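Residues per chain are reported as follows:
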Amino acid sequence: MRKLRELWRQHNKYRRCKKLWEEYQAVMGDVSVSLKCAKLSDFLDSFQQAFQELQKAENRPDLDNFFGDCSDILIALLDLVDRQGPAPALSDCSEDMVTDVVHKALECAEMIIHDEKYRNLVAESLPVLNQILSLLDSVQGAEKKQLALKILTRIGSDVKSKLNIGRLDGFKKVVQLMLDGEGDLEKEALKTLKHFLDVQNEQANGDVPPQLVSAVQAANQKSEKLGLNLSLRPPVLWEGAKVLIGQLVPSTPAPE
């Protein structure tokens, strides 16, 4: 009986989330930005609450089994965050309200990417992956940039996705955040860099190039100043790594 009640409660939460998302979509063409923000905020609050309860459930269902396919929602949220709000004109909506909605949209996107299906969806789609990388530049505020870094870390879970991120200047953006950021943002950028560099030895192939050793040493020195112990190991090289390494440490021009 308890399990039945739990399933019924989950079903009601799903119906409410779906209804709120449909209500938001219904006002997408409305000129009122405040109305769009209010409708989207209602959906995001409901989604976050339902997702957090879902994670605590004894028999935790897959995200799709509870919410249905979230691909369109994820793409829409990433696009909204990249644009910094539901619309460029803020005449009838306070900046604080838009900032709050953008932050919650980024949090919900990060929640959805917890699911392997959506990590793969992003990792295998270069346009979507590029949009996420653009968030490192476009989002305002250290806290939002940290969320964007966490999303990037979740996506870069295998060699192929790491190579794609590198080819799209992802490593370069992370290193720049490490150099420019302060406090928690700087630490999160370092952790992200560690995630991309610290590949298992069985994936290694060939000698470690000196550029990578230099990059690892620089990151380790930076981490020590922050009281972190990232312990990056130079014996890390996989097929195509030169594409990535070249972004971290500029190569020395050959003498004429």
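This text follows the structure it describes.
Structure report, in brief.

Conventions used here
Residues numbered from 1 in each chain as written. Predicted model: local features only at pLDDT ≥ 70, side-chain atom pairs only at ≥ 80, totals over all residues. Heavy atoms only, no water. Helix = DSSP H or I, 4+ residues; strand = E, 2+ residues; numbered from the N terminus. Buried < 20%, exposed > 50% of the residue type's maximum accessible area, 1.4 Å probe, protein only. Contact = heavy atoms within 4.5 Å. Areas by Shrake-Rupley, 256 points an atom, 1.4 Å probe, with all protein chains shown as cover. Axes fitted to C-alpha atoms, helices over the stretch in contact; angles between N-to-C directions. Parallel < 35°, antiparallel > 145°, perpendicular 65-115°, else oblique. Left-handed = near helix turned anticlockwise from the far one by under 90°. Nonpolar A, V, L, I, M, F, W, Y, C, P; charged D, E, K, R; others polar. Arc of directions from axis to C-beta.

Remarks on the overall build of the protein
- A tally of helices and strands in the protein yields 13 helices and zero strands.
- Starting at the N terminus and ending at the C terminus, the protein contains elements arranged as α-α-α-α-α-α-α-α-α-α-α-α-α.
- Sorting the 256 residues of the protein into buried and exposed places 45% on the buried side.
- At a minimum sequence separation of 6, the contacts of the protein that also span at least 24 residues come to 74%.
- Surface exposure of the protein reaches about 13,700 Å², of which carbon and sulfur atoms provide 49%.

Concerning the packing of helix α7 (residues 126–138) against helix α8 (residues 142–155)
- Where α7 meets α8, the axes come as close as 8 Å, and the angle between the chain directions of the two elements is 150°. By the angle between their directions, the pair α7 and α8 is classed as roughly antiparallel. Crossing of α7 over α8 shows left-handed handedness. Contact residues: α7 offers L129, I132, L133, L135, L136 and D137, while α8 offers K145, A148, L149, I151, L152 and I155.
- Split by residue class, the contact of α7 with α8 holds ten nonpolar, no polar and two charged.

Some words on unusual backbone geometry
- With phi around 70°, D169 is a residue other than glycine that occupies positive phi space.
- Among the structural elements, D169 can be located in the loop between α9 (159–167) and α10 (170–180).

Some thoughts on α10
- The set of residues buried in α10 consists of G170, F171, V174, V175, L177 and M178. Buried residues of α10, seen end-on, are gathered within an arc of 155° and therefore sit on one face of the element.

Everything listed here is a matter of geometry and, on its own, says nothing about what the molecule does.
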